[in-house]
Amino acid sequence: MTEILESRNLTKSYSSFRNGSRGREEAGNNGERTEILKGIDLKIARGEFVSVMGPSGSGKSTLLYNLCGLDRFSSGSVRILGRELAEMSEKELAGMRLNEMGFVFQQIHLLKDLNLLDNILLSGYLRGNMSRRKIRTRAEELMERTGIGSLARHGITQASGGQLQRVGICRALINNPAILFGDEPTGALDSKSAAEIMELIRGIHADGTTVMLVTHDPKVAAMSERVVFMLDGRIAAEKSLGRFSGDGDEAKGRETELSRWLLETAN
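So, how was this worked out
- Residues numbered from 1 in each chain as written.
- Predicted model: local features only at pLDDT ≥ 70, side-chain atom pairs only at ≥ 80, totals over all residues.
- Heavy atoms only, no water.
- Axes fitted to C-alpha atoms, helices over the stretch in contact; angles between N-to-C directions.
- Helix = DSSP H or I, 4+ residues; strand = E, 2+ residues; numbered from the N terminus.
- Parallel < 35°, antiparallel > 145°, perpendicular 65-115°, else oblique.
- Left-handed = near helix turned anticlockwise from the far one by under 90°.
- Contact = heavy atoms within 4.5 Å.
- Nonpolar A, V, L, I, M, F, W, Y, C, P; charged D, E, K, R; others polar.
- Phe/Tyr/Trp six-rings, centres within 6.5 Å; stacked < 30°, edge-to-face > 60°.
- Buried < 20%, exposed > 50% of the residue type's maximum accessible area, 1.4 Å probe, protein only.
- Patch = residues over 30% accessible without salt bridge, like charges linked within 9 Å, V, L, I, M, F, W, Y side chains within 5 Å.
- Areas by Shrake-Rupley, 256 points an atom, 1.4 Å probe, with all protein chains shown as cover.
- Salt bridge = Lys/Arg side-chain N within 4 Å of Asp/Glu carboxyl O.
- 1 Å grid on protein atoms, 1.4 Å probe; cavity = no way out; pocket = protein on both sides within 12 Å on 5 of 7 lines; lining within 4 Å.
- Points joined across faces, edges and corners; volume = space filled by probe spheres on them.
- Pairing = 2+ DSSP bridges.

### As for the packing of helix H5 (residues 161-173) against helix H6 (residues 191-206)
Right, so step 1: Following both chains from N to C, one finds H5 and H6 inclined at 15 degrees, their axes separated by 10 Å at the closest point. Comparing their axes, H6 and H5 come out roughly parallel. Crossing hand, H5 versus H6: right-handed. Contacts between H5 and H6 involve Gly162, Gln165, Arg166, Ile169 and Leu173 on the former and, on the latter, Ser193, Glu196, Ile197, Leu200, Ile201 and Ile204.
Right, so step 2: The residue makeup of the contact of H5 with H6, split by class, is 6 nonpolar, 3 polar and 2 charged.

Spelled out as structure tokens, the structure:
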């Protein structure tokens, strides 16, 4: 399969200063260098579903942010969708994120002055490659598909956490992204809402979208095809799980297998 994303010897460093502040590590400063990512080599194939796990502070979220261009890495290379991130301007990166990537985070970051539908529409309008009528139709279809069609006119304070996460998924999908990134997308949800959100993400993957999630939850990671385990800024191990059918007994078996592997790997 063709890689949609590849990093080579990827590093990320910060400098800690005497006043406790932290900045990107650059030549000529007098801060103490802290390495967050230490030479990450990672390939993700087009259409693959990959989960990244590891203890707090292992570099999971930093890796995701550097792979998608939301943060600038210190050295190495990242190639995504046929482009070298280091060779792209901030404007070009912003355009790629808008047009080719979707993002689902633990905190949804919706605009409080807009209703739920308008929060979804905004990204489609910013891209500007379809008529407003077509963008609106797609947004309404996504809301129906994710079970929140009746909430279109609601404000963000009138929806539950699980419903808001669905809004985030709709917003992430409005521009038909090639790859969906998620940073603990179920971390703030109860178990029922988390399971529903993961079923939605699994459906998105089944439709052909590449998915990369950062998660601490074996139940979430067990739905992916491959798990990457990070420790101290490095990839310590990887485990292939294969395609998940959605069967409940299979899910329990995969979770048990993954939990046992995580325990062995962490020790």
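Now that the structure has been shown, the text picks up again.
### With respect to the side chain of Asn175
Right, so step 1: Along the chain, the position of Asn175 falls in the loop between H5 and strand E8 (179-183).
Right, so step 2: Not counting residues up to four positions away in its chain, the partners in contact with Asn175 are Leu98, Asn99, Ser123, Gly124 and Arg127.

### Quick word on the packing of aromatic side chains
Right, so step 1: Counted under the stated rule, the structure contains 4 aromatic pairs.
Right, so step 2: Ring centres of Phe103 and Phe181 lie 5.7 Å apart, and the angle between their planes is 15 degrees; this geometry places the pair in the stacked category. Separated by 78 residues along the polypeptide, Phe103 in strand E7 (residues 101-105) and Phe181 in strand E8 bring together distant segments of the chain. We note that Phe103, like Phe181, is buried.
Right, so step 3: A network of ring pairs unites the aromatic residues Tyr65, Phe103, Phe105 and Phe181 as a single cluster.

### A short note on a nonpolar patch on the surface
Right, so step 1: Judged by side-chain polarity, Leu111, Leu122 and Leu126 come together as a nonpolar surface patch covering roughly 270 Å² of accessible area.
Right, so step 2: Within the fold, Leu126 resides in helix H3 (residues 116-127).
Right, so step 3: The class for Leu126 is exposed, based on a relative accessible area of 59%.

### Regarding the layout of surface pockets
Right, so step 1: By volume, the largest pocket amounts to about 480 Å³.
Right, so step 2: Lining the largest pocket are 18 residues, with Arg97, Leu98, Phe103, Ser123 and Arg171 sitting closest to its centre.
Right, so step 3: Those elements giving two or more residues to the lining of the largest pocket turn out to be helix H2 (90-100), E7, H3 and H5.
Right, so step 4: Here the residues of the lining of the largest pocket are counted per class, giving 11 nonpolar, 5 polar and 2 charged.
Right, so step 5: One number sums up the size of the second largest pocket: a volume of about 300 Å³.
Right, so step 6: Put simply, the parts of the chain that give the lining of the second largest pocket at least two residues each are H6, helix H7 (218-221) and helix H8 (248-266).
Right, so step 7: For the lining of the second largest pocket, the element with the highest residue contribution is H6, accounting for 5 residues.
Right, so step 8: Looking at side-chain class alone, the lining of the second largest pocket contains 8 nonpolar, 3 polar and 6 charged residues.

### Let's talk about the pairing of E8
Right, so step 1: Judged by how many residues are buried, E8 sits mostly within the fold: 5 of 5 residues are covered.
Right, so step 2: Burial along E8 is two-sided: Ile179, Phe181 and Asp183 facing one way and Leu180 and Gly182 facing the other are all buried.
Right, so step 3: Strand direction decides the pairing type here: E7 and E8, joined by 5 bridges, are parallel. Across the sheet, the residue bridging to Gly102 is Leu180, located in E8.
Right, so step 4: Across 5 bridges, E8 lies against strand E9 (residues 210-214) in parallel orientation. Considered in E9, the bridge of Leu180 is made with Val211.

Purely spatial values, then, with no claim about function.
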